[in-house]
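Secondary and tertiary structure notes
If you want the building blocks of each chain, they are given just below.
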Amino acid sequence: MIVATVCGVAKGSVRGGLLLGLAVVVALAATGVWNPFPGLWDWVDRSEPISEPDVVWQERIGGTPRSVTIAGDTVVVEQRTRVEARSLATGAQLWERKADWSAVAGGDRDPVVAVGKLLVKGYELLDPATGATRRRDDDAVAVWTYRNLLLDARCTDATDCTLSAWDPRGTAPLWTAFLPGVSSGLLADNPGLRGTRRLTATRIDDRVAGPEPVPPLLGFPVDGRVHVVDTATGRVLQNVEPGRDERLSVVGGRMLRIAARSQDGTCYFAISARDPATGQEAWQRAGVNLRTADSAGCAQREDPQGARNVLIGVGPDGREAVIDGYDGRLLWAGEPGTRLIAVDDRYALFRAADKRSVVTRELGTDRVLWTRPASGKAGAALTPYAAVVVDEKPSRLVALDPRSGRELAVLRTPANALAVGPQGMIVGEGREIGYVRFGATGGAPAPPPGDGDIPAPGGTGPGTGDDDNCGPKRELCPDPAGGKDG
């Protein structure tokens, strides 16, 4: 009994002391004399580094991002019900807005952020550095954002719509065009048009490259037909209804009629590319599967695979190929066992047949630019500034100069590549995002490409800043030397 009494008194005294100490701390915090709680919470909530080597900065945002875009000196983060911007240099939050969707238009020097709400007409264009409204629209039902153009559509009724083109920071439309309805299914930011489907890779966001230059022609699906619009002038060049076994797609300045016919237990494919301005056939190919049909039959429910002005197909011998959408040239043909994992107008990046390396080849030539060891599960993406390669066991995320293969950043991380810019990239895992500066973990950084280093539509080499208005082969622009191409 004596022992029990002593123990009881001792336990009671300790408990009482702890409660008294806690009461004192709460009182000090409430009066502002001393508050240990913020520091204590920071210690408990401290995040583990997202990669090794460590990133320039790392921040935890309010929710899992739906998209991340580098816009000039800022990082625009789209979440489920809001959008925010952070400093590219420090990661500090610059502003936040409630919004159901957001999209970035413009290049490195003139970006803007379009924001809006679902099922509500209109949008706002915000300055990415300050969040200030640059332009407001109260009627548009859909917005398409590009590096050098912004398009919006507004409808007075279901069959009476106007498409307008804007300079990203302009205050008056460059042109307007009539379309007989776009409100059905084409809503919010960047609703699907009839173009190409990008190759995708695990741990690389589909929009990692940011906004692209507007194609010379766009195909708007309206009531089972495709309306082809010239993005330089706003002219509606074609209004085409596909045949029963056809899929229509607008790629590289051409209208593609892709036919898939079922016979003898298999699908037979044929491609006819036409000039929308004249209706004349520009090129045709038979036997190339552009992966528009599902495995259950020959019904074509998907756009062809490709990127910008090139198409990805599979020949009758099972080998993959890259085709120029403008003139039908074969730009690359894979060897048996190789697998294309990334492509743009300049390069093809593929896994070698031995599944031990990835190889990059310049399109239209037989020249191999570089080879890098990688597993059979490696994925990749090509952006204007870097080729991004992800691998497993060990988990790696690598940014490379797309022409030389020189390492710009090498990270040991399970994080995803979310956005690539001229000087670095944003990586993320869950709610954590961080900035990796090129050259900090690899070799010396490459000179940042400007807007003019992005290839011209339909080409496989660098273009000039005006090439986006010159047509796929610069046929709309005079030869600066005054001569003709040889």
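Scroll up to find the structure.
Reading the values: rules and limits
- Residues numbered from 1 in each chain as written.
- Predicted model: local features only at pLDDT ≥ 70, side-chain atom pairs only at ≥ 80, totals over all residues.
- Heavy atoms only, no water.
- Disulfide = S-S within 2.5 Å.
- Buried < 20%, exposed > 50% of the residue type's maximum accessible area, 1.4 Å probe, protein only.
- Helix = DSSP H or I, 4+ residues; strand = E, 2+ residues; numbered from the N terminus.
- Pairing = 2+ DSSP bridges.
- Axes fitted to C-alpha atoms, helices over the stretch in contact; angles between N-to-C directions.
- Salt bridge = Lys/Arg side-chain N within 4 Å of Asp/Glu carboxyl O.
- Phe/Tyr/Trp six-rings, centres within 6.5 Å; stacked < 30°, edge-to-face > 60°.
- Lys NZ or Arg CZ within 6 Å of the ring centre and 35° of its normal.
- Core = buried A, V, L, I, M, F, W, Y, C linked by side-chain atoms within 4.5 Å.

Scanning the entire structure with this criterion turns up two disulfides. At a sulfur-sulfur separation of 2.0 Å, the disulfide partner of Cys 155 is Cys 161. Because the torsion about its S-S bond is 105°, the bridge between Cys 155 and Cys 161 counts as right-handed. For Cys 155, a relative accessible area of 11% corresponds to the buried category. Cys 267 shares a disulfide with Cys 298; S-S distance 1.9 Å. One disulfide, between Cys 267 and Cys 298, carries an S-S torsion of -110° and so falls in the left-handed class. With Cys 267 in strand β20 (residues 266–274) and Cys 298 in the loop between β21 (281–286) and β22 (306–307), the pair connects residues that are 31 residues apart, well separated along the chain. Judged by its relative accessible area of 15%, Cys 298 is buried.

So, on to the pairing of strand β32 (residues 396–400). Each regular strand displays side chains that alternate between the two surfaces of the sheet. Among the five residues in β32, four count as buried, and that is most of the element. Taking the residues between adjacent antiparallel strands as the criterion, strand β31 (residues 387–391) and β32 are bridged by four residues, where Lys 393 takes a positive phi near 50°. Pairing of β32 with strand β33 (residues 407–412), which is carried by five bridges, proceeds in the antiparallel orientation. When the sheet's bridge partners are listed, Leu 397 is paired in β33 with Leu 411. Two successive antiparallel strands, β32 and β33, enclose a turn made up of six residues, where Gly 405 displays a positive phi of approximately 80°.

Quick look at the sheet that holds β20 now. Strands sit in the order β18-β19-β20-β21 across an open sheet of four strands; the sheet is antiparallel. Edge strands, defined here as strands with exactly one partner in the open sheet, are β18 (246–251) and β21. Ignoring strand direction, the axes of neighbouring strands in this sheet form an average angle of 20°. The pairing of strand β19 (residues 254–263) with β20 spans nine bridges and is antiparallel. Directly across from Ala 260, in β20, lies its bridge partner Phe 269.

Take the pattern of salt bridges next. Counted according to the given criterion, the structure contains 29 salt bridges. In this structure, Glu 124 and Arg 136 form a salt bridge, with 3.4 Å as the shortest nitrogen-oxygen distance. Of this pair, Glu 124 sits in strand β8 (residues 123–126) while Arg 136 is found in strand β9 (residues 133–137), placing the two residues 12 residues apart along the sequence. The class of Arg 136 is exposed, set by a relative accessible area of 52%. A single salt-bridge network, built from bridges that share partners, covers Arg 97, Glu 124 and Arg 136.

This part takes up the packing of aromatic side chains. One pass over the full model with this rule turns up three aromatic pairs. Where Trp 144 meets Phe 220, the ring centres are 5.3 Å apart and the plane angle is 85°; that geometry is what we call edge-to-face. With Trp 144 in strand β10 (residues 142–145) and Phe 220 in strand β15 (residues 217–222), the pair connects residues that are 76 residues apart, well separated along the chain. With respect to class, Trp 144 is no different from Phe 220; both count as buried. Residue placement shows Arg 135 over the ring face of Trp 166; its charged tip is 3.6 Å from the ring centre.

Once that is clear, we can look at the nonpolar core. The biggest cluster of nonpolar side chains holds 22 residues, and the ones touching the most others in it are Ile 204, Leu 397, Val 420, Met 425, Val 427 and Phe 438. Of all the secondary structure elements, the ones that give two or more residues to this core are β31, β32, β33, β34 (416–420) and β35 (424–429). Sort the elements by how many residues they give to this core and β33 lands first, with three residues. Membership of the second largest hydrophobic core comes to 21 residues, among which are Leu 149, Leu 151, Ala 165 and Ala 177.

Strand order across the open sheet formed by four strands is β2-β3-β4-β5, with antiparallel pairing between neighbours. The sheet is open, and its two borders are formed by β2 (67–71) and β5 (93–98), each paired with just one other strand. Here the average twist between neighbouring strands, direction ignored, is 15°. The sheet contact formed by strand β4 (residues 82–87) and β5 spans five bridges and is antiparallel. Note that in β5 the partner of Val 83 across the bridge is Arg 97.

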